[in-house]
Structures are given as C-alpha cells and as structure tokens.
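A look at the structure
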Amino acid sequence: MARWLAVGVAVLAVLLSASVRAQDGSLEWMVSLQGYTSSSPAISADGGAIYLGVSTATAGRIAAVNPAGRVLWSVTRADWVDSTPAVGPDGTIYVGSHDGRLYALQPSNGAIRWSYNAGGFISSSPAIGSDGTLYFGSGSFRLHAVAPDGRERWTFPVGDWIESSPAVAVDGTVYVGCRDGSLYAVSREGRERWRFRTGGRIDGSPAIGADGTLYFGSTDQRMYAVAPDGSKRWDYFTNGAIFASPVLGADGSVYFASDDTRFYALAPEDGRLRWRVDLNSSSASTAAVRGDGAIIVAADDGVVRALQPADGGLLWRFDTRAAPGDYIESSVLVAPDGALYLGSLDGRLYKLRGNGSPLSTLSAWPGFRRDAGRTGRAVHVRDGGARLLNLASRAEVASGGVLIAGFVVEGRAPRAYLVRGAGPALAPFGVAGFLPDPFLTVYSGATPLRTNDNWGQGEPGPSVVDTAEAVGAFPFPPESRDAALVLGLGAGLYTAHLRDAEGRGGVALFEAYDALGGDPANRLVNLSLRGAVGQGERLLIPGFVVGGDAPARVLVRAAGPALAAFGVAGPLSRPQIAIYQGDRLLRVNRGWAEGGVAHDVRVAAEAAGAFPWPERSADAALLLLLEPGPYTLQVSGLDGAVGEALAEVYLLR
C-alpha cells in the first residue's frame, strides 16, 4: 500500500493556477487512481474524505481522498471494486467487491472491521436501513440483509444476478431490480411483497418519490413509474436501453439518460415528456440535481454537462478529454460545499468547482443513492401523518396596534381549533409590560367569525378549559382578561387579530392549537405572524409543534422587503431567520438566495401557495426536514435594521 501511495498515485494537476478564475464546472484537480472506476464517489459526514472503488486487470481497491486531492489511504482486494461505497451513521464505509465480500471499513485508516461472504460477486451498492441493516444484491442470485456487525439477517432468492442497487422506503420496504427483468419489493423481514415484471433486465437503482412512487428504467427501453402497491402508474418508451438510475427534481420531474444518446425530463404524475436533449453520447451515469436547479450529468463521451431545469439548456460543460472507451459510468457527487467529484474509466478522480449549491434539499431523490453518503434510503414521505399542531408567538403590540396571525387549514370537514391571546397570563412567567386586556377576533377571509374579550365570559360552546387541558396549553388564571376561542374550522384561510381592548400596548402571546376533534384529515398547513421587529430582545418569535410519527418537510420564511409590494409601511430591510430545537440552533439564513438553494426555495414556495419574492431579495428562508417536536423561530434585523416583518411556516406536501 505504501508503494502505491508513494509511486502509483500521482496528482496530475492538484490545483489550477491561482490566476484562473474559479468557475462553476471548471477543474480544480484530478488524481490518478492507477486503475479505472465505475464506482461513484461517496463523502464522509464531515466532508473530510471522499471514498470510491477502483478496479484493475488483476485486483481492486477502496480509496479515500481528501478535498485537497491527497490520498488518505487505500485498501487492496483480490478483485474489482465497482460497487459504490455507502457511509453509515458512525462513519463506517460499506462496499462490495467482485471477490464476493461486503466490507466494513474503518474511516480513519481503511482497516477492515469485518467482511461478509455473499457467495457471489458484488457490484450492487449497499443501502443502509434506518436500523443500520445493509441491503445489497450479488451474483449468487440473492438479495442480502446484513446487520451492522456483519451478521447475516436473511437472504432473498431472485431469478438472476443483481447489479441493481437497492432503495429503502420510509416504511422499511426494500426495492431492487434484477437481471431477470423484475423489480422486487421485499419487507424488512425478508418476505416478498410483490414483483413487477418488465421486458428487459433492470440494472439501475430505483428512485423513490415523495409519495412513495418507484421510478426505474429497463433495457426494454422504458422508464417505469410503479405505485407502492406494485401497480403500474405509467411507462415511457425511449429508443434505447436504460442503464442509468433516474433522479428527481425539486418539482418531482424524473430525469434520466438513455442509450439512445438523449437525456429526458418527464412529468412525475403521468410520464409526459417535459423536454429532452441530445447528449450525442450514451450514458449509464446517474445525474445529480442541485439546489439551484441545475442537473449535472456525465456521459460516455467523457463530458460532464450542467443542464437547466426549465428546458435542458446547457449551462456549462467540462471535457475530461479521455480516449475513446474511457466512459464516465461513475455518477457525479455533489458535496455539501457544492464541489463536484466523479470517477472515470480513464483512471482518474476529478474534482470540479461548484457554485456553492449542494444537492437539492427539496427533491425526494436528487442523486444516485439519494444523498452524498450514498445510503439509498428515503427519509420523507408525503402525507406520512405529519401535521402542525400548534403556533405560539410572542410579540410586542404597539399602542393602538394589532398583532396579526394567519393560518391555513386543509381538509374535507371541520375540525376544532383553540385560538388564544395571552397578556395578563404571562405575569407568572416573569413577563413585564404585558398587554393588559387582549381582544381577539378571528376572520375567515375578510369576514369576522368570532370575537372574545375575556376568556371566561365567552359565548356558550366547547369548554376553553377542557380544550386547553387536552392540547397541553398552560391554564389561564380564573377571571383573567386573557382572550380565547374554540372554533370548528373547515378548509380555508383564517386570520386572527389581537389588540388591547382599550388600545394600549404591551407584550402578547398568540396561540393556535389543533384541538384534535373532528375530521382527522383536517390539519394546519400554514402559520404566519406579522409584527414589529426591533433591536435587542424586540424580536418576532413564533414557535410551532410538528406532530405525527414521521418527519415533516417544512418551509420557513421571514419576509421584510417583500412586504413593500403590499403597501406595508416600514418593512424590515434585512431580516434574519433562525430556527431552534429547544436551546439548540439548527439553521440560520440571512438571504434566501444564499447557499445555492434558491431554486428549491422558489419551487417549495410555489407548491405551498406562498406569495413570490423578488429575485435575490434580502428576505430570508429555510427548507428543513423536521422530526416531530417543538421548534422556535427568531426573526431579527441585521445591521441595526428595524421594521415590520412576516414570519411564515409551511408544511410541504
């Protein structure tokens, strides 16, 4: 190994001249691997190492290279390694070899922790289940399930050898293609759920959509969409075999290359052709979709292309200038910092400069094996039971002013909601200067529905006390001047206005709770709060609770400059949005176009029905995948900025 590191690995161009301007898609370095690779790179969680397999005429290797192009270590095996490594939650690297073994490697030095004998060559890339189970196919005509410690859990027989790499759904179902022409759905216990037959072999890996739909290609020249129950939703005929795995855009578009030398974009709902472009080359490489919308795809001509999502127009191209036959079968890795890595049959690992845009954070399946660690596991499913249970926002109400909160409800029939405005009830929590006498009005559109001044003197109806206890809201003192209402609300847009009954100012807490009574499909999908943001502790601080038993994909926004178009006087010129889980800061944004995910944010806002923002405005936004639990937003002003702001939370479908 030392001889190979010292002699065999040469950095052919470790950094371009400093005089060359950094440009998206330009070469940063390339490293000779002294072999060839159809394995796709994977990256460690900290971004400090890129892993990939290498093959030669007589052996194989697993190599680790750092982002500067220095080889950290390599492990030689007796046969080819064209399986793509997968990185486990503890950093362990899992990769198969044609010697018939799956290896678990120590990330620090490549030491073998254990190996598992599959009884046949492995070119399938392992998928990692939520419990750490490893799933992969082999030349022994079997799908294997192996525990994180290397013990066999089960094997599942198929009709031919498996080159396809499995994909694992949120419910644990394992999907894998086979050269016998079938896509298999196998339970986490190793039992067949169904199989779907095509007219050719399936070498690519399935992509799993947000609604659980499976997308995969076959050598019968068709791209298929199959429902989670195994029924066909649609198929699309190309004029060539499909070896590449599909990926999904932020809007769900299905992207893939075909052996007819074309690259396709299909509508996910019905398979309609959105566009296709001629690559003038076949491709078995799987594309990658960035947060700025760009689709990065490599091909057999040795060229890497970046395509526009709207029409497939060329953004840039990078030519490896490889000899004929030196195809790029490796799929491009988009690192979290935006750097692009890919291997080639010319024996090199390439690093191309990115523009800072990572893999799409909105797409359900933006790259080969879904993520940069190549886990092959879905993490989100649409309508998986996630819901917004509560909005609670503390803000200062100016003298004569109004605190305005909005929320959107969807569903077929009404459901009960508790809406409250707290002022005096904040005194036991040490809040000084609270709003003396909150007055609450709930509107449907422009129509007032109900009002309340003092919660104990409301109209007859559902008990505020019982409802508050049922949803876990803190109790109001008897006879306090706080306001509260319990309403049955159907689908629609609602706003709540909170002011002082006598026009005085003070600190108030607005709350809206899903009261859990009525149509179970009825739910909150959007919460918003408009208020003044000042300096120091004068922040806009909405809190919300994600309910259900599955992660929720959420868009949070802080609008300041965008409010000017609606005639809002004195909007906050430079909002900052931060999201916390308890005391732990999760993410911060100081401008929605920063971080290379503007396309994702724009698509998410359109899907949620949020009003559009001007290009590159100073408004702030974040896209997040949140586990059930409570979260807090903080909207503040940068560089001394003060003014009106609108905080929004959208539950994405």
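Heads up: the structure comes first, above all this text.
Below or above, wherever it landed, is the structure these notes cover. No experiment lies behind these values; they were computed from the predicted model shown.

**Quick word on the sheet that holds strand E8 (residues 93-96)**
- Across the sheet, 4 strands lie side by side as E7-E8-E9-E10; this open sheet has antiparallel pairing. On the outer flanks of this sheet lie strand E7 (86-87) and strand E10 (112-117), each paired with one strand and no other.
- Taken together, the 2 bridges between E7 and E8 define a ladder with antiparallel strand orientation. Looking at E8, one finds that Val 87 is bridged to Ile 93.

**A few points about the pattern of salt bridges**
- For the structure shown, the criterion picks out 32 salt bridges.
- The salt bridge partner of Asp 292 is Arg 290, with a shortest N-O separation of 3.0 Å.
- Residue class for Asp 292 comes out partly exposed when judged on its relative accessible area of 26%.
- Linking Asp 514 and Arg 415 is a salt bridge whose minimum nitrogen-to-oxygen distance equals 2.8 Å. Highlighted residues: Asp 514 in strand E41 (residues 506-518) and Arg 415 in strand E36 (residues 415-422), separated in sequence by 99 residues. Taken individually, Asp 514 and Arg 415 each receive the classification buried, so the pair is uniform in this respect.
- The network of salt bridges with shared partners includes Asp 251, Glu 269, Asp 270, Arg 272 and Arg 274.

**Quick look at the environment of Gly 629**
- Here Gly 629 shows up in strand E48 (residues 629-637).
- We classify Gly 629 as buried; its relative accessible area is 12%.
- Considering only alpha carbons, one finds Gly 629 and Gly 547, 82 residues apart in sequence, at a separation of 6.5 Å.

**Remarks on helix H3 (residues 598-608)**
- Listed as buried for H3 are Ala 598, His 599, Asp 600, Val 601, Val 603, Ala 604 and Ala 605.
- Residues of H3 that are buried in the fold lie against strand E44 (552-559) and strand E47 (620-626).

**Examining the layout of surface pockets**
- Of the volumes computed, that of the largest pocket is approximately 1100 Å³.
- If you go around the largest pocket, you meet 37 residues; those closest to its centre are Ser 360, Thr 361, Arg 370, Asp 371 and Arg 587.
- The leading source of residues in the lining of the largest pocket is E47, at 5 residues.
- Considered class by class, the residues forming the lining of the largest pocket number 22 nonpolar, 9 polar and 6 charged.

**Topic: helix H2 (residues 464-471)**
- Along H2, the positions that sit buried rather than exposed are Val 464, Thr 467, Ala 468 and Val 471. Projection of H2 onto a plane perpendicular to its axis shows the buried side chains occupying an angular sector of 100 degrees, all on one side. Exposed side chains of H2 directed beyond 90 degrees from the buried face belong to Glu 469 and Ala 470.
- On its buried side, H2 packs onto E36, strand E39 (483-489) and E41.
- Of the residues that open H2, the one with a side-chain oxygen 3.3 Å from the backbone nitrogen of Val 465 is Ser 463.
- Looking one or two places after H2, you find Gly 472, whose phi comes out positive at around 85 degrees.

**Structural notes on the environment of Val 289**
- Note that Val 289 resides in strand E27 (residues 288-289).
- Along the chain, Val 289 and Val 247 lie 42 residues apart, while their C-alpha atoms are 7.5 Å from each other.
- Residues contacting Val 289, with those up to four places away along its chain left out, are Val 247, Leu 248, Gly 249, Tyr 255, Ala 294, Ile 295, Leu 359, Ser 360 and Pro 366.

**A few points about the packing of aromatic side chains**
- A full pass over the atoms with the stated rule returns 25 aromatic pairs.
- With 6.1 Å between their ring centres and 55 degrees between their planes, Trp 29 and Tyr 341 make a pair best called tilted. Within this pair, whereas Trp 29 is found in strand E2 (residues 27-32), its partner Tyr 341 is found in strand E32 (residues 340-343), the two being separated by 312 residues in sequence. Taken as a pair, Trp 29 and Tyr 341 share a single burial class, namely buried.
- Ring centres of Phe 566 and Phe 611 lie 5.0 Å apart, and the angle between their planes is 80 degrees; this geometry places the pair in the edge-to-face category. With Phe 566 in the loop between E44 and strand E45 (575-581) and Phe 611 in the loop between H3 and E47, this pair connects stretches of sequence that are 45 residues apart.
- The exposure class of Phe 566 is exposed, given its relative accessible area of 55%.

**Topic: empty space enclosed by the protein**
- Within this structure, the stated rule accounts for 2 cavities of 30 Å³ or more.
- When its volume is computed, the second largest cavity comes out at roughly 40 Å³.
- The wall of the second largest cavity is formed by Ile 208, Gly 209, Ala 210, Ala 364, Arg 370, Ala 378, Val 379, His 380 and Arg 553.
- Grouping the amino acids of the lining of the second largest cavity by side-chain chemistry returns 5 nonpolar, 2 polar and 2 charged.

**As for unusual backbone geometry**
- With a phi angle near 55 degrees, Arg 321 is a residue other than glycine that sits in the positive phi range.
- With respect to the helices and strands, Arg 321 occurs in the loop between strand E30 (314-319) and strand E31 (333-334).
- Even without a glycine there, the phi angle at Arg 616 is positive, about 60 degrees.
- Structurally, Arg 616 is set in the loop between H3 and E47.

Criteria and cut-off values
- Residues numbered from 1 in each chain as written.
- Predicted model: local features only at pLDDT ≥ 70, side-chain atom pairs only at ≥ 80, totals over all residues.
- Heavy atoms only, no water.
- Pairing = 2+ DSSP bridges.
- Helix = DSSP H or I, 4+ residues; strand = E, 2+ residues; numbered from the N terminus.
- Salt bridge = Lys/Arg side-chain N within 4 Å of Asp/Glu carboxyl O.
- Buried < 20%, exposed > 50% of the residue type's maximum accessible area, 1.4 Å probe, protein only.
- Contact = heavy atoms within 4.5 Å.
- 1 Å grid on protein atoms, 1.4 Å probe; cavity = no way out; pocket = protein on both sides within 12 Å on 5 of 7 lines; lining within 4 Å.
- Points joined across faces, edges and corners; volume = space filled by probe spheres on them.
- Nonpolar A, V, L, I, M, F, W, Y, C, P; charged D, E, K, R; others polar.
- Arc of directions from axis to C-beta.
- Polar contact = N/O pair within 3.5 Å; in protein donor to acceptor, adjacent residues only side chain to side chain.
- Phe/Tyr/Trp six-rings, centres within 6.5 Å; stacked < 30°, edge-to-face > 60°.

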